[in-house]
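Next come the chains, spelled out residue by residue.
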Amino acid sequence: MARSLTRRGFEIVEFGEAADLIVINTCTVTEQADQKCRQAVRQALRRNPDTYVAVVGCYAQSGVDAIRKIDGVDLVVGNEHKLRVGEFLNGLTKRDEPEIIHTVDLPQTEFTIADTGLYSFNTRANLKIQDGCNHFCSFCIIPTVRGRARSREYGDIMREARELVASGHQELVLTGVNIGTYRQDGKTLVDIVRGLEEIKGLARIRISSIEPTTIGGALIKQMAQSEKLCHYLHIPLQSGDDTVLRSMRRKHTLRPLVKFIERTHELIPDIGFGTDIMAGYPGETDEQFQNTVDTLTNLPFFYFHVFTYSDRQGTHSDGLASKVPHHVKKERTRQLIKLSDRKRRAFYSEHLGEQVEVLFEQMEEGYWTGYTRNYMKIHVKSDRPLDNKIQDVKLTHLGGERLIGELVSDVRGADQMSFAV
């Protein structure tokens, strides 16, 4: 969307700055996300009441009626049409009632994306390869608002990847709703990785969140031998109890997943594992929650994204009885976050004294920060600009929650790799 708007003469500015047009790309994964989207819209309108406001994306797909009631919204565009938002602006004339561009029945066929992503405020660039999902987990609204699983044409993926690298990006993150289900003209996720590895100037390929039953041995073998595919997997677990997993309608059970993670860790010892975990799913007992705690303690995950369960209208779990009391859900969430913090510190401590390769991104509170291939966030002091530079770093100590290191070699990568709008 940003790239297509710049081609129409717009200049992209940071959210919250004065603008002629505000585009809010929304999420609807939870009720809280819906609330935050409405808050973002109202906040934008308070700051810029005369600005043309377009609301697009997942909440624009599912919450059309709620959005159209917000005074000042001019355009609502659902998921199928959001990348074409520039075509619907109508001269940026404020409207008494928002125009609605919305299709209930989303496509189920392979797709292309007409333009190239504009990530001028980011070092890493996202490369979308897939959309939609057929898994229908009990708590998830995504198949309703994003449609069924479909894959992007392979040649179109490679075209955008080459253009992103030519723009200066050294790391590409493969994204989608359920990327492990990628299938297009006989090609799979592994074929995408192999194709990207041939692109000169691309240093890293990172896989975003991937469902455990879709990973496969071929991907792990490729990761173990590849010089570019990052040693990192974010695998949504959601629960560490099989009874809860069955109620969630998840596709995996615990024992084979544990074996898979343990085997992968043996094959790739420095791999970084992350996960998503849910606290307080309907009917979750104290014993079942403890099973989740034990599972997370024993497996080599070094961080968790913790979600407090909330009912989602239109999902199966919304109608389940035996809701966990709110104060219990919050306490379980607190325990999981504390466990995640401890495991992150332990993982970081294991790597102290090592020399690692860091792709630096930005300055934060006096430190240059960036990420290793296994997704450790590194903090380094330097008088030289390091944004979008790859640098060898020795990990020296923990400073609170920070993993701190020292530069040990010359910066790699040409100065022209830094870019901004």
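Look a little higher up for the structure.
Per chain, the residues get numbers from 1 upward, laid out in the order the sequence is written. The predicted nature of this model means local features are confined to residues of pLDDT at least 70 and side-chain atom pairs, given and counted, to a pLDDT of 80 or more, with totals for whole chains, interfaces and linings taken over all residues. Values shown for side chains rest on all heavy atoms present in the structure; no hydrogens or waters enter the calculation.

Comments concerning the packing of helix 6 (residues 154-166) against helix 7 (residues 189-197)
Packed helices, taken two at a time, are described by their axes: the angle between them and the distance between them.
Argument step 1. Throughout, an axis means a line fitted to C-alpha atoms (over the contacting stretch in the case of helices), and angles, computed between N-to-C directions, take values from 0 to 180 degrees. Under the DSSP-based scheme used, a helix requires at least four consecutive residues in state H or I and a strand at least two consecutive residues in state E, with every element numbered from the N terminus. It is at 11 Å that the axes of helix 6 and helix 7 come closest, and there the two elements cross at 35 degrees. As for the relative orientation of helix 6 and helix 7, their crossing is right-handed in sense. Counted together, Tyr 154, Ile 157, Met 158 and Ala 161 of helix 6 and Asp 191, Ile 192, Gly 195 and Leu 196 of helix 7 form the full contact between these two elements.
Argument step 2. Three categories are distinguished: nonpolar for Ala, Val, Leu, Ile, Met, Phe, Trp, Tyr, Cys and Pro, charged for Asp, Glu, Lys and Arg, and polar for the others, with Gly belonging to the last. When grouped by side-chain class, the residues that make up the contact of helix 6 with helix 7 number 6 nonpolar, 1 polar and 1 charged. Handedness of a helix crossing follows the sense of rotation of the near helix relative to the far helix, less than a right angle counterclockwise being left-handed and clockwise being right-handed. Only heavy atoms matter for contacts: two residues are in contact if any of them lie within 4.5 Å across the pair.

Focus: the environment of Asp 34
Argument step 1. Here Asp 34 is to be found in helix 2 (residues 31-47).
Argument step 2. Classification of residues uses two cut-offs on accessible area relative to the type maximum, computed with a 1.4 Å probe and protein chains only: under 20% is buried, over 50% is exposed, and between them is partly exposed. By relative accessible area, which is 5% here, Asp 34 ends up buried.
Argument step 3. Taking the C-alpha atoms as reference points, Asp 34 and Tyr 59, 25 residues apart in sequence, are found 6.5 Å from one another.
Argument step 4. The contact partners of Asp 34, leaving out residues within four places of it in the chain, are Cys 27, Thr 28, Tyr 59 and Arg 312.
Argument step 5. Residues adjacent in sequence count toward polar contacts only when both atoms are side-chain atoms; beyond that, a polar contact is any pair of N or O atoms within 3.5 Å, and within protein one must be able to donate a hydrogen and the other to accept it. There is a polar contact of 2.7 Å between the side chain of Asp 34 and the side chain of Thr 28.

As for the pattern of salt bridges
Argument step 1. In what follows, salt bridge is the name for a side-chain nitrogen of Lys or Arg lying within 4 Å of a carboxyl oxygen of Asp or Glu. Tallied over the full model, the rule gives 25 salt bridges.
Argument step 2. Between Arg 95 and Glu 99 there is a salt bridge, with its nearest N and O atoms 3.9 Å apart.
Argument step 3. Classification of Arg 95 by relative accessible area gives partly exposed; the value is 31%.
Argument step 4. Among the charged side chains, a salt-bridge network with shared partners connects Arg 152, Asp 156, Arg 159, Glu 160 and Glu 163.

Some remarks on the sheet that holds strand 13 (residues 355-364)
Argument step 1. If you trace the 5 strands once around the closed barrel, you get 13-14-15-17-16, paired in mixed fashion. Taking the axes of each pair of neighbouring strands and ignoring which way they run, one obtains an average angle of 55 degrees across the sheet. Two strands pair under a simple rule: DSSP has to find at least two bridges between them.

Some thoughts on the nonpolar core
Argument step 1. Throughout, nonpolar core names a set of buried Ala, Val, Leu, Ile, Met, Phe, Trp, Tyr and Cys residues whose side chains join them through atoms within 4.5 Å. Counting residues in each nonpolar core, the largest one holds 49 residues, and the members touching the most others are Leu 174, Ile 192, Leu 196, Leu 219 and Leu 233.
Argument step 2. No other element matches the 6 residues that helix 6 contributes to this core.
Argument step 3. Discounting residues that sit within four places of it in the chain, Ile 192 has contacts with Ile 129, Tyr 154, Ile 157, Met 158, Leu 174 and Tyr 182.
Argument step 4. The next biggest cluster of nonpolar side chains, apart from the first, holds 17 residues, and it includes Phe 347, Tyr 348, Phe 360 and Met 376.

Remarks on helix 12 (residues 326-350)
Argument step 1. Along its 25 residues, helix 12 runs 36 Å from first to last C-alpha, staying within 8% of the 36 Å computed at 1.5 Å per residue.
Argument step 2. When helix 12 is considered as a whole, its buried residues turn out to be Lys 329, Arg 332, Thr 333, Leu 336, Leu 339, Ser 340, Lys 343, Phe 347 and Tyr 348.
Argument step 3. Buried residues along helix 12 sit in contact with strand 11 (272-279), helix 11 (286-298), strand 12 (301-308), strand 15 (377-380), strand 16 (390-399) and strand 17 (402-407). Given the number of residues in a helix, its expected span is that number minus one, multiplied by 1.5 Å.

Side note on the pairing of strand 11
Argument step 1. Across the 8 residues of strand 11, 8 count as buried, placing the element largely inside the fold.
Argument step 2. Residues of strand 11 alternate between two faces, with Gly 272, Gly 274, Asp 276 and Met 278 on one and Phe 273, Thr 275, Ile 277 and Ala 279 on the opposite face, all of them buried.
Argument step 3. Examined bridge by bridge, strand 10 (residues 232-234) and strand 11 share 3 bridges and lie parallel to one another. Note that in strand 11 the partner of Leu 233 across the bridge is Phe 273.

Looking at the packing of aromatic side chains
Argument step 1. Pairing of aromatic rings covers Phe, Tyr and the six-membered ring of Trp, with a centre-to-centre limit of 6.5 Å; geometry is then stacked below 30 degrees between planes, edge-to-face above 60, and tilted otherwise. What the rule picks out here adds up to 8 aromatic pairs.
Argument step 2. Taking 5.0 Å as the distance between ring centres and 75 degrees as the angle between the ring planes, the aromatic pair formed by Phe 302 and Tyr 303 counts as edge-to-face. Tyr 303 matches Phe 302 in its accessibility class, with the two residues each being buried.
Argument step 3. Each ring, one from Tyr 303 and one from Tyr 375, has its centre 6.3 Å from the other, and the planes form 45 degrees; the classification is tilted. In this pair, Tyr 303 is assigned in strand 12 and Tyr 375 in the loop between strand 14 (367-371) and strand 15, connecting sequence segments 72 residues apart.

Observations concerning the sheet that holds strand 2 (residues 52-57)
Argument step 1. A sheet is described by the order of its strands in space; here 4 strands give the open sequence 1-2-3-4, paired in parallel fashion. Looking at the sheet topology across the chains shown, the edges are occupied by strand 1 (21-26) and strand 4 (99-101). Neighbour to neighbour, the strand axes of the sheet diverge by 15 degrees on average, direction disregarded.
Argument step 2. Here strand 2 runs beside strand 3 (residues 75-77); their pairing, made up of 3 bridges, is parallel. Along strand 3, the bridge assignment pairs Ala 54 with Leu 75.

Quick word on the side chain of Asp 74
Argument step 1. Positionally, Asp 74 belongs in the loop between helix 4 (64-68) and strand 3.
Argument step 2. Look at Asp 74 and you get buried, because its relative accessible area is 0%.
Argument step 3. A polar contact is formed between the side chain of Asp 74 and the backbone nitrogen of Val 53, at a distance of 2.9 Å.
Argument step 4. Each residue touching Asp 74, except ones within four places of it in the same chain, is listed here: Thr 51, Tyr 52, Val 53, Lys 94, Arg 95, Pro 98 and Glu 99.

Purely geometric stuff here, so don't read any function into it on its own.
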